[in-house]
Amino acid sequence: DTLVATTQDLDTEHSGSTWTYDNTAKTLTFGANGAAANTVNGITLTLNDRILVKDQTTAAQNGVYSVTTAGADGSAATVLTRASDMDVASEFGGANVYVSGGTSGGTQVYKVTSTVSTLGTDAVSFAATCTACAAVAVATTQDLDTEHSGGGTWTYDNTAKTLTFGATAAAA
C-alpha cells in the first residue's frame, strides 16, 4: 500500500525551495543538495516509502512515487521516482490507490479520474472513493475452489455480497 498522500502542492508544503519534475527520469527532486524534504503530510519519509502525489499545481506530475533518495540537510536532495506499477500511462486507467497514513487523507482509497494517454503531459486527477477504509490483508493466487479442494466449493451471494465455503461444517 501507499504510506501517505499529499494534501497540497509539494512546493507549498515545502516552502523555501521547489520540486523539479524530470519527465525522462520520471522523478520529482526537492531543492538542491542541502535542502531535504523528508516529511510529507506529517509522515517522515524513508527509503522506498510510497507516496501518492495528488495535488500538484501541474497535474501531470501527480501519481504514485517511491522515495529513491531520502534527503539529508547539507548532503542530499530528496528524490521521488514514479513507482514501477504506475510509471506508464496505461497503468493509470481507473487505478485505485490505498493510502494507509498521514495527518489527513490516511485510510482512504483514491481513484484515477482522468484519462492519461501521455504520462508527464496529461493531467492526472485522483478522487477519494472510500474514507476510513481498511486494506485487504490477503489476496488469492488461484481460483478459491482450486485452492480449497477436497470437499467444498465457494458460493457467492450477490445480495449479501458474501463468499461462503462449502457447508456450515466445512472450514476454509
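As a starting point, this report considers the structure included with it. Quick caveat: nothing in here was measured; it's all calculated off a predicted structure. (Residues numbered from 1 in each chain as written. Predicted model: local features only at pLDDT ≥ 70, side-chain atom pairs only at ≥ 80, totals over all residues. Heavy atoms only, no water.)

1. Description of the overall build of the protein
Argument step 1. Helix and strand counts for the protein stand at 2 helices and 13 strands.
Argument step 2. Out of the 172 residues belonging to the protein, those deemed buried represent 36%.
Argument step 3. In the protein, 50% of the contacts between residues at least 6 apart in sequence involve partners at least 24 apart.
Argument step 4. About 9,000 Å² of surface is accessible on the protein, with carbon and sulfur atoms providing 50% of the total. (Helix = DSSP H or I, 4+ residues; strand = E, 2+ residues; numbered from the N terminus. Buried < 20%, exposed > 50% of the residue type's maximum accessible area, 1.4 Å probe, protein only. Contact = heavy atoms within 4.5 Å. Areas by Shrake-Rupley, 256 points an atom, 1.4 Å probe, with all protein chains shown as cover.)

2. Observations regarding the pairing of strand 9 (residues 96-101)
Argument step 1. The sheet contact formed by strand 9 and strand 10 (residues 108-112) spans 4 bridges and is antiparallel. Opposite V97, over in strand 10, you have Y110 as the bridge partner. (Pairing = 2+ DSSP bridges.)

3. Digging into the side chain of N41
Argument step 1. Its place among the elements puts N41 in the loop between strand 4 (39-40) and strand 5 (43-44).
Argument step 2. Among the polar contacts listed, one links the side chain of N41 to the backbone oxygen of S104, at a separation of 2.5 Å. (Polar contact = N/O pair within 3.5 Å; in protein donor to acceptor, adjacent residues only side chain to side chain.)

4. Observations concerning the environment of A70
Argument step 1. As for its placement among the helices and strands, A70 is situated in the loop between strand 7 (63-69) and strand 8 (78-82).
Argument step 2. Once the C-alpha coordinates of A70 and T46 are considered, the two residues, 24 residues apart in sequence, prove to be 5.9 Å apart.
Argument step 3. Beyond its immediate stretch of four places on either side in the chain, A70 contacts N38 and L47.

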